[in-house]
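Inside the fold
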Amino acid sequence: MLQDLYAGAVSDAQARLEHTSIADLDKLIADAKPVLNALSHFGSGSNIEVIAEIKRASPSKGDLANIPDAAALAKVYETSGASAISVLTEERKFKGSLADLAAVRQAVSIPILRKDFVSLEQQVLEARAYGADLVLLIVAGLEQNALWQLARFVESFGMTPFVETHNSEEVTRAIDVGAKLIGINARDLSTFETDRELFATLADLLPADCIAVAESAVRNQADVVAYANAGADMVLVGEALVTGDTEALLKQFTSVPKIRL
């Protein structure tokens, strides 16, 4: 599954070059709003922070929500207490787009994550051109040299690499490339099965100076409390927010105290 997602993302990126060249992206970057320093926006409060995701669909569950206006949902997220917005831009399985990313950038003033299967510098250029402040880099999908090079390329534009892991080896690899924002995803992207105990198993491996993000398997406030008790600073939530009472859930999630201060 993960290999297919990367292959599709590369194919779609190559197709986009037919109408938006690297030179075009450079021009968009020159005119783009300044990048927000995500790390300076995170971690100052005593409660769990939320990266709220705009998620229409997933490979495992199919369609989740009809979201005709990504910008409108992003505004709801921001006013309800989200610290950042994750915008899925993968087109095939998640039904996202770079147009969503651009629209959200115009709508909110908090950091924005481009969430996609990034393996090309072109995709980093697109992230910057369309308004992202953070770029997802998935350790499982990248060899170490590529992970290091992409992390440095992301940082060269002032953006923050958000490095996602799923096991102890991947956490070590994330640390080795100097990641300061490290996610532990309860969902195995090879099988899309989830392990709600995974974050607690791996959290002690994370350095004290990094921001620890628990990803996936957040259904309710109790799940956020469990992640906080295991040492999470932030949670990334998509499905629960697009299928439930968005405002109420965000207020509940952001009321949970952090343990890892």
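Details of the structure are given in the entry above.
A short tour of the structure in this document, coming up. A quick note: this is a predicted structure, and the numbers were derived from the prediction, not measured. (Residues numbered from 1 in each chain as written. Predicted model: local features only at pLDDT ≥ 70, side-chain atom pairs only at ≥ 80, totals over all residues. Heavy atoms only, no water.)

Each helix and strand in the protein chain was counted, giving 12 helices and 10 strands. Against the 2.2 N^0.38 benchmark of 18 Å for 261 residues, the protein chain shows a C-alpha radius of gyration of 17 Å, consistent with a compact globule. With respect to the principal axes defined by its C-alpha atoms, the protein chain has extents near 50 × 40 × 35 Å. The 261 residues of the protein chain split such that 54% are buried. The long-range share in the protein chain, meaning contacts at least 24 apart out of those at least 6 apart in sequence, stands at 69%. Just so you have it, the protein chain exposes about 10,800 Å², and 50% of that area is on carbon and sulfur atoms. (Helix = DSSP H or I, 4+ residues; strand = E, 2+ residues; numbered from the N terminus. Rg over C-alpha atoms; globule rule 2.2 N^0.38 Å. Buried < 20%, exposed > 50% of the residue type's maximum accessible area, 1.4 Å probe, protein only. Contact = heavy atoms within 4.5 Å. Areas by Shrake-Rupley, 256 points an atom, 1.4 Å probe, with all protein chains shown as cover.)

Further remarks concern the packing of aromatic side chains. Summed over the entire model, instances satisfying the criterion amount to four aromatic pairs. Taken together, a centroid distance of 6.1 Å and an interplanar angle of 35 degrees make the contact between F94 and F117 tilted. Taken together, the residues span a long stretch of sequence, with F94 in the loop between strand 4 (84–88) and helix 5 (98–107) and F117 in the loop between strand 5 (112–115) and helix 6 (121–129) at a distance of 23 residues. For the pair formed by F94 and F117, the shared burial category is buried. (Phe/Tyr/Trp six-rings, centres within 6.5 Å; stacked < 30°, edge-to-face > 60°.)

Backbone geometry at K95 places phi at a positive 60 degrees, although glycine is not the residue there. Examined against the element boundaries, K95 turns out to sit in the loop between strand 4 and helix 5. A positive phi is found at A217, a non-glycine position, where the angle reads about 65 degrees. With a relative accessible area of 13%, A217 lands in the buried category.

Bringing empty space enclosed by the protein into the picture now. Across all of its chains, the model carries one cavity of 30 Å³ or more by this definition. Lining the largest cavity we find A9, D12, A13, R16, T89, E90, E91, R114, D116 and Q123. When the residues that make up the lining of the largest cavity are grouped by side-chain class, the tally is two nonpolar, two polar and six charged. (1 Å grid on protein atoms, 1.4 Å probe; cavity = no way out; pocket = protein on both sides within 12 Å on 5 of 7 lines; lining within 4 Å. Points joined across faces, edges and corners; volume = space filled by probe spheres on them. Nonpolar A, V, L, I, M, F, W, Y, C, P; charged D, E, K, R; others polar.)

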